[in-house]
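Fold and contact review
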Amino acid sequence: EGAKEVIGQPGRTVILRTDRHILRKNYGAFFRAMVPVLEAKPEVVLVIHCSIIDEYGSLAELISTMPGSIDTGDGGWKHPQVHLTLAHDTFRGVSDEGLRVLYNAADLYVSPTMAEGFGLCLAESMACGTPVVATDYSAIREVVGPGGVLIPPTSYMTSQYALRWALVDEPAMTKAVTRLLDKPAERKALGAAGRLHARKFQWSTAVDVFDRLITTPTA
């Protein structure tokens, strides 16, 4: 509750994202999946820590498609249940302390990302005890483990890098988020499990694994 006060959302139910607006992160699916949640639950707010304009366009354009969005008259759009931190910078970002405040203010971290090489934001969220709802694809299953709910893809696309990326089942994501918002005990249990799971990811462990891969002779 103290973290929610710091970010200006006291007493609200917070759904968080902290990443970039690029194709792979699939912000379009995020907004489409969250609109029914916001319509059913006026106490919920999306807190988005992301540059408004990035490689895949402007978040304002996505906000403009939401029912209840407001034209600010200066080329921007806002929504009473969407809070942009306006503190994201690709090169500097915010301090570790600031990130911890965001993660601790959140009741859920939601990401319909198409693929992850690891999923640092997911692990950071779980390290703060915040459960995750994300796409069941690529490294995400290993990273999230027992710390959240994974949503299966409905289809796939080939990226500009000739990699296969997954498109999440958006209605299923809406349903999972709604269920978790209605079940605080389940959120708490997932958050506790995720915090323990996230402790497994240590740089020292990664160094040891890479060292073995590099130095072990091949047959």
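Refer to the structure presented above.
Residues numbered from 1 in each chain as written. Predicted model: local features only at pLDDT ≥ 70, side-chain atom pairs only at ≥ 80, totals over all residues. Heavy atoms only, no water.

Soluble globular proteins: nonpolar side chains tend toward being buried together. Ranked by internal contacts, the top residues of the largest apolar core, which has 31 residues, are Ile15, Phe31, Met34, Ile48 and Val177. Per-element tally for this core: the top contributor is helix H2 (residues 27-40), with eight residues. Residues within four places of Val177 in sequence aside, it is in contact with Ile15, Met34, Val37, Leu108, Val110 and Val133. With 22 residues, the next largest nonpolar core counts Val14, Ala105, Met126 and Val132 among its residues. (Core = buried A, V, L, I, M, F, W, Y, C linked by side-chain atoms within 4.5 Å. Buried < 20%, exposed > 50% of the residue type's maximum accessible area, 1.4 Å probe, protein only. Helix = DSSP H or I, 4+ residues; strand = E, 2+ residues; numbered from the N terminus. Contact = heavy atoms within 4.5 Å.)

Taken as a whole and judged by the stated rule, the model has twelve salt bridges. Close ionic contact of Arg24 with Glu116 constitutes a salt bridge, the shortest N to O distance being 3.2 Å. With Arg24 in the loop between strand E1 (13-17) and H2 and Glu116 in the loop between strand E8 (108-111) and helix H5 (120-127), this residue pair connects regions lying 92 residues apart in the sequence. Judged by its relative accessible area of 22%, Arg24 falls in the partly exposed class. The exposure class of Glu116 is buried, given its relative accessible area of 13%. The salt bridge involving Glu186 is made with Arg179; its shortest N-O contact spans 2.9 Å. Residue classification places Arg179 among the partly exposed positions, given a relative accessible area of 33%. Because the salt bridges share partners, they merge into one network encompassing Glu1, Lys4, Asp107 and Arg187. (Salt bridge = Lys/Arg side-chain N within 4 Å of Asp/Glu carboxyl O.)

On to the packing of helix H7 (residues 170-182) against helix H8 (residues 184-198), then. For the pair H7 and H8, interaxial distance at closest approach is 5 Å and the crossing angle is 100°. Considering their axes alone, H7 and H8 lie roughly perpendicular with respect to each other. Contacts between H7 and H8 pair Arg179, Leu180, Leu181 and Asp182 from the former with Pro184, Glu186, Arg187 and Leu190 from the latter. Class assignment of the residues belonging to the contact of H7 with H8 gives a composition of four nonpolar, no polar and four charged. (Axes fitted to C-alpha atoms, helices over the stretch in contact; angles between N-to-C directions. Parallel < 35°, antiparallel > 145°, perpendicular 65-115°, else oblique. Nonpolar A, V, L, I, M, F, W, Y, C, P; charged D, E, K, R; others polar.)

For the rest of this paragraph, the subject is the packing of H5 against H8. The contact between H5 and H8 brings their axes to 7 Å, and the two run at 115°. Between H5 and H8 the crossing geometry is left-handed. Counting all contacts with H5, which are made through Ala123, Met126 and Ala127, the residues of H8 involved are Gly191, Gly194, Arg195, His197 and Ala198. A breakdown of the residues in the contact of H5 with H8 according to their chemical character gives four nonpolar, three polar and one charged. (Left-handed = near helix turned anticlockwise from the far one by under 90°.)

What follows is about the packing of aromatic side chains. Under the counting rule described, the total for this entry stands at seven aromatic pairs. With 6.3 Å between their ring centres and 40° between their planes, Tyr103 and Tyr109 make a pair best called tilted. Taken together, a centroid distance of 5.6 Å and an interplanar angle of 55° make the contact between Tyr137 and Tyr156 tilted. Taken together, the residues span a long stretch of sequence, with Tyr137 in the loop between strand E9 (132-135) and helix H6 (140-144) and Tyr156 in strand E11 (residues 153-158) at a distance of 19 residues. Linked through ring pairs, Tyr27, Phe30 and Phe31 together constitute an aromatic cluster. Geometry around Tyr27 places Arg17 over its ring, the cationic atom sitting 4.0 Å from the centre. (Phe/Tyr/Trp six-rings, centres within 6.5 Å; stacked < 30°, edge-to-face > 60°. Lys NZ or Arg CZ within 6 Å of the ring centre and 35° of its normal.)

Once that is clear, we can look at the layout of surface pockets. Here the largest pocket defines a volume of roughly 580 Å³. Lining the largest pocket are 19 residues, with Phe118, Phe201, Gln202, Trp203 and Ala206 sitting closest to its centre. Contributions of two or more residues to the lining of the largest pocket are made by H5, H6 and helix H9 (203-215). For the lining of the largest pocket, the element with the highest residue contribution is H9, accounting for six residues. Partitioned by chemical class, the residues of the lining of the largest pocket number 13 nonpolar, three polar and three charged. For the second largest pocket, the calculated volume is near 340 Å³. Along its surface, the second largest pocket is lined by 17 residues, and Thr18, Asp19, Arg20, His88 and Cys121 are the ones closest to its centre. The set of elements that each furnish at least two residues to the lining of the second largest pocket consists of helix H4 (96-105) and H5. Considering each element in turn, the lining of the second largest pocket owes the most residues, three residues, to H5. (1 Å grid on protein atoms, 1.4 Å probe; cavity = no way out; pocket = protein on both sides within 12 Å on 5 of 7 lines; lining within 4 Å. Points joined across faces, edges and corners; volume = space filled by probe spheres on them.)

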